[in-house]
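Inside the fold
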Amino acid sequence: MRHLISPLDFSVEELDKLLDLANDIEKNPDKYAKACDRKKIATCFYEPSTRTRLSFEAAMLNLGGSVLGFAGADSSSAAKGESVSDTIRVISSYADICAIRHPKEGAALVAASKSTIPVINAGDGGHQHPTQTLTDLLTIRSLKGRLDNITIGLCGDLKFGRTVHSLIHALVRYENVKFVLISPEELRVPEYIREDVLKAKGIEYKEVERLEDAIGELDALYMTRVQRERFFNEEDYIRLKDFYVLNKEKLELAKDDMLILHPLPRVNEIAVEVDDDPRAVYFKQAQYGVYVRMALILTLLEIEV
Ligand code: NCD
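Thresholds applied
- Residues numbered from 1 in each chain as written.
- Predicted model: local features only at pLDDT ≥ 70, side-chain atom pairs only at ≥ 80, totals over all residues.
- Heavy atoms only, no water.
- Helix = DSSP H or I, 4+ residues; strand = E, 2+ residues; numbered from the N terminus.
- Buried < 20%, exposed > 50% of the residue type's maximum accessible area, 1.4 Å probe, protein only.
- Contact = heavy atoms within 4.5 Å.
- Lys, Arg positive; Asp, Glu negative; His and termini not counted.
- Charge placed at Lys NZ, Arg CZ, Asp CG, Glu CD.
- Core = buried A, V, L, I, M, F, W, Y, C linked by side-chain atoms within 4.5 Å.
- Domains from an automatic or database assignment.
- Polar contact = N/O pair within 3.5 Å; in protein donor to acceptor, adjacent residues only side chain to side chain.
- Pairing = 2+ DSSP bridges.
- Axes fitted to C-alpha atoms, helices over the stretch in contact; angles between N-to-C directions.
- Buried area = accessible area lost by both parts, 1.4 Å probe.
- Salt bridge = Lys/Arg side-chain N within 4 Å of Asp/Glu carboxyl O.
- Nonpolar A, V, L, I, M, F, W, Y, C, P; charged D, E, K, R; others polar.
- Right-handed = clockwise from strand over helix to strand, strands pointing away.
- Arc of directions from axis to C-beta.

A count of helices and strands for the protein chain gives 10 helices and 9 strands. Considering only C-alpha atoms, the protein chain reaches an extent of 55 × 45 × 40 Å along its principal axes. Taking all 305 residues of the protein chain together, the buried fraction comes to 56%. Taking all contacts inside the protein chain whose residues are at least 6 apart in sequence as the whole, residues at least 24 apart take part in 75%. Of the charged side chains in the protein chain, 40 are positive and 49 negative, and the gap between their average positions amounts to 4 Å.

Counting 61 residues, the largest nonpolar core has Ile152, Leu154, Ile168 and Phe179 as its most contacted members. The element contributing the most residues to this core is helix α10 (residues 282–300), with 10 residues. Counting contributing residues per domain, this core is built from domain 1 (7–128 + 289–300) and domain 2 (130–285), each supplying no fewer than three. Core analysis: the next-biggest nonpolar cluster, separate from the first, contains 21 residues, Leu221, Ile260, Ala280 and Tyr282 among them.

Bringing the environment of serine 75 into the picture now. As for its position among the elements, serine 75 is in the loop between β2 (66–70) and α3 (84–91). On the basis of relative accessibility, which here comes to 57%, the residue serine 75 falls in the exposed class. A polar atom in the side chain of serine 75 sits 3.1 Å from the backbone oxygen of glycine 72.

Okay, the sheet that holds strand β6 (residues 177–182) next. Judged by pairing direction, the sheet is parallel, and its 5 strands sit side by side in the order β7-β6-β5-β8-β9 without closing on themselves. If you trace the sheet from one side to the other, it starts and ends with β7 (205–208) and β9 (259–261), each paired once. Strand-to-strand twist across the sheet, computed as the mean angle between neighbouring axes with direction ignored, equals 20 degrees. Helix α5 (residues 130–144) contacts β5 (150–155), β8 (220–223) and β9 of the sheet and is inclined by roughly 165 degrees relative to β9.

The 4 strands are arranged β2-β1-β3-β4 in an open sheet whose pairing can be described as parallel. The open sheet is flanked by β2 and β4 (119–124), the only strands paired with a single partner. Taken pair by pair, the neighbouring strands of this sheet meet at an average axis angle of 15 degrees, ignoring direction. As paired strands, strand β3 (residues 97–102) and β4 are joined by 4 bridges and run parallel to one another. Its bridge partner being in β4, alanine 99 is matched across the sheet by isoleucine 120.

Accessible area lost when the parts come together is the quantity often used to give the size of an interface. When its domains are assigned, the protein chain resolves into domain 1 (7–128 + 289–300) and domain 2 (130–285). Taking the mean C-alpha position of each, domain 1 and domain 2 sit 25 Å from one another. Domain 1 puts 33 residues into the contact, and the matching count from domain 2 is 26 residues. Roughly 2400 Å² is buried in total at the junction of domain 1 and domain 2, and carbon and sulfur atoms are behind 55% of that figure. For the pair domain 1 and domain 2, the number of links is 5 salt bridges. At the boundary of domain 1 with domain 2, the tally comes to 15 residue pairs in polar contact (both at pLDDT 80 or more). Listed by contribution, the elements that provide at least two residues to the side of domain 1 that touches domain 2 are α1 (12–27), α2 (51–62), β3, β4 and α10. Here the element with the most residues in the side of domain 1 that touches domain 2 is α1; it accounts for 9 residues. A class-by-class count of the residues in the side of domain 1 that touches domain 2 yields 14 nonpolar, 11 polar and 8 charged.

The next subject is the pairing of β7. As judged from the 4 bridges shared by β6 and β7, these two strands associate in the parallel manner. Note on β7: the bridge partner recorded for valine 180 is lysine 206. Crossover handedness for the path β6 to helix α7 (residues 191–199) to β7: right-handed.

Our focus in this paragraph is α3. Counting along an α-helix, one turn takes 3.6 residues, and residues three or four places apart therefore face a common direction. Along α3, the residues classified as buried are Val84, Ser85, Thr87, Ile88 and Ile91. Here the buried residues of α3 occupy an arc of 165 degrees about the axis, which is enough to place them on one side. On its buried face, α3 sits against β1 (40–45), β2, β3, α4 (107–114) and β4.

A separate point is the environment of isoleucine 168. Looking at the element boundaries, isoleucine 168 is found in helix α6 (residues 162–171). Take isoleucine 168: its relative accessible area is 0%, and that puts it in the buried class. With 66 residues separating them in the primary sequence, isoleucine 168 and histidine 102 have C-alpha atoms 21 Å apart. Excluding its chain neighbours within four sequence positions, the residues that come into contact with isoleucine 168 are Leu154, Phe179, Leu181, Val189, Ile193, Val197 and Leu198.

Okay, structure coming up:
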């Protein structure tokens, strides 16, 4: 039985297959409409979510399966003090696969160790968010035609942003990917990622503070929200929250084919005026999230269509 806890749980070859499957699902949705007949996904979300939870549910419904779950710790027995380990043991007998989001780093790993069904990490604190990474990879590969030979800018809260952490882990495995890490000093990529991932693998990267200084060289720009819920004090959040605002003026400095990605939700970091720019693909990205989660569910349940 397989789980997806970290983006590295799939090899590059397995990922390629998964992304191919997602592309096929996009083209031929009817072919997959009954693939998960009588299967159930449990979505156990201890933290807020719109896209991740609903895209998992839409994915399972599109495959002909059904969904159960909870959308907040308050509405589950976590509020009574139940551990994740106990909850997953029980859910294992109610569903065939489970997606879990939790504010604590490592929670999905703990769940997987007690589970008898495949567990998918739908975000564990400020650590990892592998299914967002699958979504990001599918978006870049589908719209750029490749995952190698790209210069990608990651901008915003690189410290607490789990989507950024997972994306870096995944992209260093492709040839000639260069990173431009754009953040204020306080929100730099954590040292363990700089040292153990980027430096250890000899990856080309640089850190800059001003978006304008880097935007012109990028093939893709990955904007992120300042992760308010992970800040220790509100003052720091208020000081940093509008550090970056991508607007039309800054976009004039960018390449004509630069992709603008964002895991969403957006707060202020991308002006609404940017939404009509053909380079803005973040809503399309959210749509790819459904296809890739359909592909993931089929893969983990070992269902071939
Ligand atoms: C992200 C998350 O939850 O980490 N959202 C998402 O799943 N698309 C990004 C964020 O909340 O900023």
